[in-house]
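So the chains spell out like this:
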Amino acid sequence: MGLYPYFHPIEESEGPVVRIGGRKVIMAGSNNYLGLTADPRVQEAAIKATEKYGTGCSGSRYLTGTLDLHVQLEARLAKFLGKEDCLLYSTGYQTAQGIIPTLVQRGEYVVSDKDNHACIVAGNLMAAGAASYVGDGQQGVVRYKHNDMKHLEVVVSKLPVDAPKLIVSDGVFSTSGEIVDLPNMVRVARKYNARILVDDAHAVGVIGKGGRGTASHHGLEKETDLTMGTFSKTFASLGGFVVGDRAVINYLKHQAPALIFSASPTPASVAAALAALDILEKEPERIDRLMRNARKMREGFKKMGFRVNEHDSAVVPVIIGDTEKVLVMWRHLFDAGVFVNAFIRPGVPPGMEMLRTSYMATHEDEHLDKILSIFFDVGKKLQILD
Ligand code: PMP
């Protein structure tokens with residue numbers, strides 16, 4: 001039926017505009033939040049690093065895969081996010097898998113939001129799997145209702161008092177753009193002596209002071225034990241990281257299989273992320289532009305009568321609530337010149353089927369107005385709007 005919305009190859013990209021199937025379309029589904037994949041300074045850094053170090057590291061960080069660039073980026077990120085130390089992984093997905101099962105051991109618990117990103121779910125399953133693998137079955141993974149800190153307390157209060165507990169949540173939820181209720185999470189964590197890990201993949205460079213993420217947004221940097229993130233969004237590259245206390249980071253460095261048994265991020269990836277961090281620090285006005293763009297779109301969709309979220313992040317989901325309608329609408333939008341993401345079950349809970357839109361600091365009003373007018377026309381045509 002021509003409705004398949006996935007794996008469409010992009011033939012060329014300027015950031016807000018890409019070429020797909022020989023046609024230029026506006027990109028309204030990328031996580032390239034500050035538009036830095038197309039920044040000449042980031043591109044130049046990647047090229048120079050490739051010339052100096054080659055195209056790959058051909059080894060794990062543990063062995064031959066540590067460059068001075070990796071160490072520099074770790075020091076810069078730890079400082080930027082106000083923590084003692086940082087560890088890079090090769091992807092954000094791997095980062096969660098490198099933290100959760102490594103830290104949560106026998107007789108200990110992960111306490112996870114039901115809507116956490118798939119990489120956290122995978123990390124949780126590995127922690128639970130390790131328990132059955134070693135045969136004692138004592139580690140636990142327990143879940144609480146999405147961003148519901150009252151339910152978190154109910155769940156945590158039932159766990160053994162002395163058992164170490166790690167509460168894990170997306171900072172900005174990847175599909176809904178919702179921001180976690182960190183103040184109430186911290187209250188529960190303090191009461192029950194639990195630690196907190198926040199996945200800031202969609203938060204660094206987007207929310208918080210100068211883009212310093214969820215903990216900074218809530219002024220709870222000290223209370224957030226570990227923050228993980230990715231280079232595949234704001235940082236215009238590929239790779240992941242975690243920041244926290246030196247002892248914990250050192251432990252992960254020497255114990256996390258996802259780090260030890262996998263090759264380190266390429267020179268170009270690390271240099272691009274370093275250049276992106278430079279720009280993020282020097283040009284915080286880009287974040288204002290990003291948030292202004294996202295707000296304009298949220299308001300615009302709302303005025304037309306679409307169902308959107310109320311959270312001040314760069315992800316603006318247009319919730320349709322029906323798989324077939326999402327796919328048909330996706331096709332009409334694409335034909336009219338806008339690329340968005342069709343999110344259907346099981347990627348989202350029933351009733352939350354959506355066209356996930358997300359914005360860049362480099363979208364111009366001309367792009368945004370066109371996206372709005374196309375959504376309006378398609379919404380009317382398909383009778384999604386009254
Ligand atoms: N965490 C969240 C919340 C994400 O949305 C993503 C990517 N979609 C990741 C982690 C994984 O990051 P990466 O792309 O670097 O593997």
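In the block above lies the structure referred to throughout.
Scoring rules and cut-offs
Residues numbered from 1 in each chain as written. Predicted model: local features only at pLDDT ≥ 70, side-chain atom pairs only at ≥ 80, totals over all residues. Heavy atoms only, no water. Helix = DSSP H or I, 4+ residues; strand = E, 2+ residues; numbered from the N terminus. Axes fitted to C-alpha atoms, helices over the stretch in contact; angles between N-to-C directions. Parallel < 35°, antiparallel > 145°, perpendicular 65-115°, else oblique. Left-handed = near helix turned anticlockwise from the far one by under 90°. Contact = heavy atoms within 4.5 Å. Nonpolar A, V, L, I, M, F, W, Y, C, P; charged D, E, K, R; others polar. Pairing = 2+ DSSP bridges. Core = buried A, V, L, I, M, F, W, Y, C linked by side-chain atoms within 4.5 Å. Buried < 20%, exposed > 50% of the residue type's maximum accessible area, 1.4 Å probe, protein only. Domains from an automatic or database assignment. Near = heavy atom within 4 Å. Polar contact = N/O pair within 3.5 Å; in protein donor to acceptor, adjacent residues only side chain to side chain. Lys, Arg positive; Asp, Glu negative; His and termini not counted. Salt bridge = Lys/Arg side-chain N within 4 Å of Asp/Glu carboxyl O.

1. Description of the environment of Ala-28
Okay, so step 1: Following the sequence through the fold, Ala-28 ends up in the loop between strand 3 (23-27) and helix 1 (40-53).
Okay, so step 2: Considering only alpha carbons, one finds Ala-28 and Met-360, 332 residues apart in sequence, at a separation of 8.3 Å.

2. So, the packing of helix 5 (residues 149-157) against helix 6 (residues 182-191)
Okay, so step 1: Look at helix 5 against helix 6: their axes get within 9 Å of each other, and the N-to-C directions meet at 15°. Comparing the axis directions of helix 5 and helix 6 gives the class roughly parallel. The two elements helix 5 and helix 6 meet at a crossing, and its hand is right-handed. On helix 6, the residues touching Met-149, Leu-152, Glu-153 and Val-156 of helix 5 are Asn-184, Met-185, Arg-187, Val-188 and Lys-191.
Okay, so step 2: Considered class by class, the residues forming the contact of helix 5 with helix 6 number 5 nonpolar, 1 polar and 3 charged.

3. Some points on the sheet that holds strand 2 (residues 17-20)
Okay, so step 1: Strand order in the open sheet formed by 4 strands is 1-2-3-12, with mixed pairing between adjacent strands. The open sheet has two edge strands with one neighbour each: strand 1 (10-13) and strand 12 (338-339).
Okay, so step 2: Together, strand 2, strand 3 and strand 12 form the strand contacts of helix 13 (residues 365-381), whose direction differs from that of strand 3 by roughly 95°.

4. Thoughts on the nonpolar core
Okay, so step 1: Within the largest apolar cluster, 44 residues are counted, with the highest numbers of intra-cluster contacts made by Leu-73, Leu-77, Leu-88, Phe-231, Phe-235, Phe-241 and Leu-290.
Okay, so step 2: If you list the elements that add at least two residues to this core, you get helix 1, helix 2 (68-80), strand 4 (85-89), strand 10 (240-244), helix 10 (267-282) and helix 11 (285-304).
Okay, so step 3: The greatest single-element share of this core, amounting to 10 residues, is contributed by helix 10.
Okay, so step 4: Composition of this core by domain shows at least three residues from each of domain 1 (10-30 + 284-381) and domain 2 (43-282).
Okay, so step 5: The residues touching Leu-88, leaving out its near neighbours within four places in the chain, are Arg-61, His-70, Leu-73, Glu-74, Leu-77, Phe-231, Gly-240, Phe-241, Leu-259 and Val-270.

5. What to know about the site of the ligand
Okay, so step 1: Taken together, 14 residues sit near the ligand, with Gly-92, Asp-199, His-202, Thr-230 and Lys-233 positioned nearest.
Okay, so step 2: In the environment of the ligand, a nitrogen atom lies 3.4 Å from a nitrogen or oxygen atom belonging to the side chain of His-117.
Okay, so step 3: Within the shell around the ligand, the residues separate by chemical class into 3 nonpolar, 8 polar and 3 charged.

6. Focus: the pairing of strand 1
Okay, so step 1: With 3 bridges connecting them, strand 1 and strand 2 associate as antiparallel partners. Bridge assignment links Glu-12 to a residue of strand 2, and that residue is Arg-19.
Okay, so step 2: With antiparallel pairing between neighbouring strands as the criterion, strand 1 and strand 2 make up a hairpin whose turn holds 3 residues, including Gly-15 at a positive phi of roughly 105°.

7. A few points about unusual backbone geometry
Okay, so step 1: A cis geometry characterises the amide bond from Arg-345 onward to Pro-346, with omega recorded as 5°.
Okay, so step 2: Secondary-structure assignment places Pro-346 in the loop between strand 13 (341-343) and strand 14 (354-358).
Okay, so step 3: Even without being glycine, Phe-7 reaches a positive phi, approximately 60°.
Okay, so step 4: With respect to the helices and strands, the residue Phe-7 is situated in the segment before strand 1.
Okay, so step 5: Under the relative-accessibility criterion, Phe-7 is labelled exposed at 77%.
Okay, so step 6: Non-glycine residue Gln-383 carries a positive phi angle of around 60°.
Okay, so step 7: Along the polypeptide, Gln-383 turns up in the segment after helix 13.
Okay, so step 8: Classification of Gln-383 by relative accessible area gives exposed; the value is 69%.

8. Quick word on the side chain of Arg-356
Okay, so step 1: Of note, Arg-356 is situated in strand 14.
Okay, so step 2: The side chain of Arg-356 is buried and forms no salt bridge, while Asp-170, the nearest opposite charge, is found at 9.0 Å.
Okay, so step 3: A distance of 3.4 Å separates polar atoms of two side chains, one belonging to Arg-356 and the other to Ser-358.

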